[in-house]
Amino acid sequence: AILEELELGNNKIGVSGAIAIADALVVNRTLLLLGLRSNPIGDEGMCAITTALRQNVTLRRLNISNIDISTTAGAGAIADALRSNTSLKGLYLSQN
């Protein structure tokens, strides 16, 4: 079986978990949906995820609602990733 959807909402995933997920996203070519909502990922974790998004060409939907993005660094990283990522079609950012 090929994993296409991964929902990890409300799992207390922090910065180190986000970095591990980002490392996997760099090499993964099957995941279409990643749900990380309501995890304390913060700006540092978001920067790792967005770095991976620059290289990932398969992810279509990303839910990063309520992950404690609090500075322009996190928001800026998202904007930068969107400039180069052409596969992402849905991005959910509420409650940040």
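Before reading further, recall that the structure is shown in the block above.
Heads up: these notes are all about the structure in this document.

Definitions and limits used
Residues numbered from 1 in each chain as written. Predicted model: local features only at pLDDT ≥ 70, side-chain atom pairs only at ≥ 80, totals over all residues. Heavy atoms only, no water. Core = buried A, V, L, I, M, F, W, Y, C linked by side-chain atoms within 4.5 Å. Buried < 20%, exposed > 50% of the residue type's maximum accessible area, 1.4 Å probe, protein only. Helix = DSSP H or I, 4+ residues; strand = E, 2+ residues; numbered from the N terminus. Contact = heavy atoms within 4.5 Å. Expected span 1.5 Å × (residues − 1). Arc of directions from axis to C-beta.

### Here we look at the nonpolar core
Residues Ile-21, Leu-34, Leu-36, Ile-49 and Leu-62 are the most contacted members of the largest nonpolar core, which totals 23 residues. Contributions of two or more residues to this core are made by α1 (15-27), α2 (42-53) and α3 (72-84). By residue number, the principal contributor to this core is α2, which donates five residues. When near neighbours in sequence (up to four residues on either side) are disregarded, Leu-36 contacts Leu-8, Gly-9, Ile-21, Ile-41, Ile-49, Asn-63, Ile-64 and Ile-67.

### Observations regarding α1
Taking 1.5 Å of rise per residue, 13 residues should cover 18 Å, and α1 covers 19 Å from first to last C-alpha, within 8% of that figure. Turning to α1, its buried residues number three or more, namely Ala-18, Ile-21, Ala-22 and Leu-25. An end-on view of α1 places all buried positions within 105° of arc, on one side of the element. Within α1, the exposed residues directed more than 90 degrees away from the buried face are Ser-16, Asp-23 and Val-27. On its buried face, α1 is in contact with β2 (33-35) and α2.

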